[in-house]
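# Breakdown of the fold
Each chain, written out:
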Amino acid sequence: MKNIFRNAGVWTAAAVCLVVSGCAKTGSLPEDSSTRTVQIAGMDGSLKINASNNAATATTVSALLEKVWAALPAVFDSLSVPFSRLDKASHIIGNDALKIRQRLGKAPLSRYLDCGQTQIGPNADSYDVTLTMLVQLQPGANGTTVVNTSLGAVAKPITFAQAASACSSKGTLEKRFSTLLDAQLLR
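Residues numbered from 1 in each chain as written. Predicted model: local features only at pLDDT ≥ 70, side-chain atom pairs only at ≥ 80, totals over all residues. Heavy atoms only, no water.

## Section: the pattern of salt bridges
Scanning the model with the defined rule gives two salt bridges in all. Residue Arg85 is joined to Asp96 by a salt bridge in which the shortest nitrogen-to-oxygen separation is 3.3 Å. Remark: Asp96 occurs in strand S5 (residues 92-101) and Arg85 occurs in strand S4 (residues 85-87); sequence separation between them is eleven residues. Looking at Asp96, the relative accessible area reads 26%, which means it is partly exposed. (Salt bridge = Lys/Arg side-chain N within 4 Å of Asp/Glu carboxyl O. Helix = DSSP H or I, 4+ residues; strand = E, 2+ residues; numbered from the N terminus. Buried < 20%, exposed > 50% of the residue type's maximum accessible area, 1.4 Å probe, protein only.)

## What to know about helix H2 (residues 65-79)
Between its first and last C-alpha, H2 extends 21 Å over 15 residues, near the 21 Å set by a 1.5 Å rise per residue. In H2, a bend of some 30° at Leu72 exceeds every other bend along the element, and Pro73, a proline, comes one to four places later. (Expected span 1.5 Å × (residues − 1). Bend = angle between axes of the 7 residues up to and from the residue.)

## Remarks on the state of the cysteines
Counted by the stated rule, this structure contains one disulfide. Shown here is the disulfide that connects Cys115 with Cys167, its sulfur atoms set 2.0 Å apart. Across the disulfide from Cys115 to Cys167, rotation about the S-S bond amounts to roughly 110°, and the bridge is consequently right-handed. Residue Cys115 is located in the loop between strand S8 (113-114) and strand S9 (128-139), and its partner Cys167 is located in strand S11 (residues 165-169); the two are separated by 52 residues in the primary sequence. A single burial state applies to Cys115 and to Cys167, both of which are buried. (Disulfide = S-S within 2.5 Å.)

## Notes on the pairing of S11
Pairing of S8 with S11 involves two bridges; the strand directions are antiparallel. Looking across to S11, one finds that Leu113 is bridged to Ser169. Note: strand S10 (residues 145-156) against S11, three bridges, orientation antiparallel. Note on S11: the bridge partner recorded for Ala155 is Ser165. (Pairing = 2+ DSSP bridges.)

## Overview of the pairing of S10
Burial analysis of S10 places eleven of its twelve residues in the buried class, which makes it a mostly covered element. By the bridge criterion, twelve bridges tie S9 to S10 in an arrangement that is antiparallel. Directly across from Leu137, in S10, lies its bridge partner Val147. Linking S9 back to S10 in an antiparallel pair, the connection comprises five residues, with Asn142 at a positive phi of about 55°.

## So, the nonpolar core
Grouped together as the largest cluster of nonpolar side chains are 37 residues, with contacts concentrated most on Leu104, Leu113, Leu131, Phe177 and Leu181. Breaking this core down by element, the ones donating at least two residues are H2, S5, S9, S10 and helix H3 (172-186). Top element by residues in this core is H2. It accounts for eight residues. (Core = buried A, V, L, I, M, F, W, Y, C linked by side-chain atoms within 4.5 Å.)

## Digging into the side chain of Thr144
With respect to the helices and strands, Thr144 occurs in the loop between S9 and S10. The exposure class assigned to Thr144 is buried, which follows from its relative accessible area of 18%. Polar contacts involving the side chain of Thr144 include one to the main-chain carbonyl oxygen of Ala141, which spans 2.7 Å. Those residues in contact with Thr144 that sit more than four places away from it in its chain are Thr60, Val61, Ser62, Ala63 and Pro139. (Polar contact = N/O pair within 3.5 Å; in protein donor to acceptor, adjacent residues only side chain to side chain. Contact = heavy atoms within 4.5 Å.)

## Things to note about unusual backbone geometry
One non-glycine residue with positive phi stands out, namely His91, at about 55°. Structurally, His91 can be placed in the loop between S4 and S5. A relative accessible area of 22% means that His91 is categorised as partly exposed. If you check the backbone angles, Gln102 has positive phi at about 75° while not being a glycine. Position of Gln102 relative to the elements: it lies in the loop between S5 and strand S6 (103-104).

## A short note on the packing of aromatic side chains
Throughout the structure, instances matching the rule amount to two aromatic pairs. Each ring, one from Phe76 and one from Phe83, has its centre 6.5 Å from the other, and the planes form 75°; the classification is edge-to-face. A relative accessible area of 0% places Phe76 in the buried class. With a centroid separation of 6.1 Å and 70° between ring planes, the pair formed by Phe76 and Phe177 is classed as edge-to-face. Of this pair, Phe76 sits in helix H2 while Phe177 is found in helix H3, placing the two residues 101 residues apart along the sequence. An identical accessibility class is assigned to Phe76 and Phe177; each is buried. One aromatic cluster in this structure is built from Phe76, Phe83 and Phe177. (Phe/Tyr/Trp six-rings, centres within 6.5 Å; stacked < 30°, edge-to-face > 60°.)

Structural data, given as structure tokens:
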């Protein structure tokens, strides 16, 4: 019992770190709806924190915003990510909560996400995954467009009653998105 109280200061510091990092926003992308709750035992029971698990990137492409906006539906279709969100006024497109299992298109989810591993293999390939992928465009300098991409995912086992845990991006889905967007813009 003494160790719990001695370590409470360490856990509180870790919680503050998570809260501070979870509150930071990249660009003006909306906050990600897929968050994870971290429970830390403390003197008063437990402390619950919501910490975002988004990976956000910003790239600049040499094309006008209208041309990039027109290309995005085809890019999402090629990725097998149906968009459930389309906001023309703020130039946001994507999916807030795509429920998938095992594959994204023809590729195994483990190609794109790291959701941990069991003796059977990567959890991304056997768990229920909820993927969030949002893109927002902003006009850049000299006829360019800034493409803000936010990607996050959580996964939970199919057969056990367990809370969802955060997945991390391997960066390959973002690279594929960028390659497909470049190809669409050359047309």
